[in-house]
Every structure is written in structure tokens, then in C-alpha cells.
Amino acid sequence: IDDAFRAAKKMDTILQKLDESELVEEYTEEGILEGFGTFVCGASSQKGYYPADPMKENQDSFDIRIAIDEQNHFFGVYDGHGTDGTRCSQLCKATIGDIYEEQLSEGRTTKVSLTKAHTDAHDIMKHSDALNAELSGTTSVIACLNGSSLTIAYAGDS
């Protein structure tokens, strides 16, 4: 048996395990974009395959907020890493969207609101006794759809 055959069999095994792993979350929602009509968004998360740790938990989280007023739609994806990666991604899911909405409601711009939401979440994570943020964290990717304007915010290393 040659190396190419072994590599193909190994990849088949990995793909089969990924196909068999359960989806942690699935979500679909329909919204209205002022001036453009209806849109559909969704998210799902499937844990990766780690040969050295096949039972490793999925460290991903997401937050989708469809605006009632047809403005300010929020889409966030958080990819945790490290021993406390799950807690880090869940902390961001629980805080960034709320802080962003609070900042917008106080009249701040999307850019200022997203910056404040990320820096506040970072400070909360950094000073938390509930998780070790020295060796753990999360990548954050946010898309904010405000009317016909799309703003993307990114923080992390993935």
C-alpha cells in the first residue's frame, strides 16, 4: 500500500467522523432589509475532528439578531480556542451584541459601538476569575447590516 492510498483512507476516515459528528446548533431566520426586501440568514456549527482528542467539545458560538425596525441587523460568530475557549466564545456571545445595541441606542455610530463592545468584552474576559484568558480566547467576526450599509468587525487570530 503506497502513501497516497494511506493518506486518502485517513482523509476518508476524518470526513466520515465529521459527517457523523452532531451539529451543536442550527438556526435560520428571515428578516426584512429596508428598501431591498426579504432576506434569510442561518448558522450551524459542527465540531472539528482532533485525532488526539476525539471527544473535544465544540468551542464555537454565534449570535444572530434580526432587527424589528428593519435596521441594525447583527450577525456574530465566535471561534473559541484553548482550554477555556468555549467559555470565551459564550461570554462574547452573551455580551458583544448587548453592548453594541446599547451603544447604538445612545446615539453612537456603528464603528464606535462595535469597538466599545469588543473592548468591553475583552476587559470582562481578561478580569474574569471564571476562565483563563491567558491561554484561551476567541476570534470574533461580526457583520452589522444597517439599512444598506454593511460593516464588518474582526478580532482574533483565526
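Everything numeric in this text was worked out from a predicted model, so none of it was measured.

Caption draft 1: Representation of a nonpolar patch on the surface within the structure. A cluster of nonpolar residues, Val-77, Val-141, Leu-150, Ile-152 and Tyr-154, forms a patch on the protein surface that exposes about 480 Å² of accessible area. When residues of the nonpolar patch are assigned to their parent elements, the largest contribution, three residues, is made by strand 6 (residues 149–155). Owing to a relative accessible area of 55%, Leu-150 belongs among the exposed residues under this scheme.

Caption draft 2: Structural context of the packing of aromatic side chains. For the coordinates displayed, the defined rule picks out one aromatic pair. Where Phe-74 meets Tyr-100, the ring centres are 5.3 Å apart and the plane angle is 35°; that geometry is what we call tilted. Taken together, the residues Phe-74 in strand 4 (residues 73–81) and Tyr-100 in helix 2 (residues 85–105) connect sequence positions 26 residues apart. Across this residue pair, the class does not change: Phe-74 and Tyr-100 are buried. Above the plane of the ring of Phe-74 lies Arg-65, whose end atom (NZ or CZ) is 5.8 Å from the centre. Over the aromatic face of Phe-62 sits the side chain of Lys-93, whose NZ or CZ is 5.8 Å from the ring centroid.

Caption draft 3: Region of interest: unusual backbone geometry. We note that Asn-72 has phi near 55°; this positive angle belongs to a residue other than glycine. Following the sequence through the fold, Asn-72 ends up in the loop between strand 3 (60–65) and strand 4.

Caption draft 4: Focus on the sheet that holds strand 6. Taken in spatial order, the four strands line up as 3-4-5-6 in an open sheet, and their pairing is antiparallel. The two strands at the open ends of the sheet, each matched to only one other strand, are strand 3 and strand 6. The mean inter-strand angle of the sheet, taken between neighbouring strand axes irrespective of direction, is 10°. In the sheet, strand 3 pairs with strand 4 via six bridges, with the strands oriented antiparallel. Across the sheet, Ile-64 pairs through a bridge with Phe-75, a residue of strand 4. Running at roughly 15° to strand 3, helix 2 makes contact with strand 3, strand 4 and strand 5 (137–146) of the sheet.

Caption draft 5: Examining the packing of helix 2 against helix 3 (residues 110–126) more closely. With their axes 8 Å apart at the nearest point, helix 2 and helix 3 run at an angle of 145° to one another. The element helix 2 and its partner helix 3 pack so that their crossing is right-handed. Packed against helix 2, whose contacting residues are Cys-88, Leu-91, Cys-92, Thr-95, Ile-96, Ile-99, Tyr-100, Gln-103 and Leu-104, the element helix 3 presents Thr-110, Ser-113, Leu-114, Lys-116, Ala-117, His-118, Asp-120, Ala-121, Ile-124 and Met-125 at the interface. Residue composition of the contact of helix 2 with helix 3, grouped by class: 12 nonpolar, five polar and two charged.

Cut-offs used in this document
Residues numbered from 1 in each chain as written. Predicted model: local features only at pLDDT ≥ 70, side-chain atom pairs only at ≥ 80, totals over all residues. Heavy atoms only, no water. Patch = residues over 30% accessible without salt bridge, like charges linked within 9 Å, V, L, I, M, F, W, Y side chains within 5 Å. Areas by Shrake-Rupley, 256 points an atom, 1.4 Å probe, with all protein chains shown as cover. Salt bridge = Lys/Arg side-chain N within 4 Å of Asp/Glu carboxyl O. Helix = DSSP H or I, 4+ residues; strand = E, 2+ residues; numbered from the N terminus. Buried < 20%, exposed > 50% of the residue type's maximum accessible area, 1.4 Å probe, protein only. Phe/Tyr/Trp six-rings, centres within 6.5 Å; stacked < 30°, edge-to-face > 60°. Lys NZ or Arg CZ within 6 Å of the ring centre and 35° of its normal. Pairing = 2+ DSSP bridges. Axes fitted to C-alpha atoms, helices over the stretch in contact; angles between N-to-C directions. Contact = heavy atoms within 4.5 Å. Left-handed = near helix turned anticlockwise from the far one by under 90°. Nonpolar A, V, L, I, M, F, W, Y, C, P; charged D, E, K, R; others polar.

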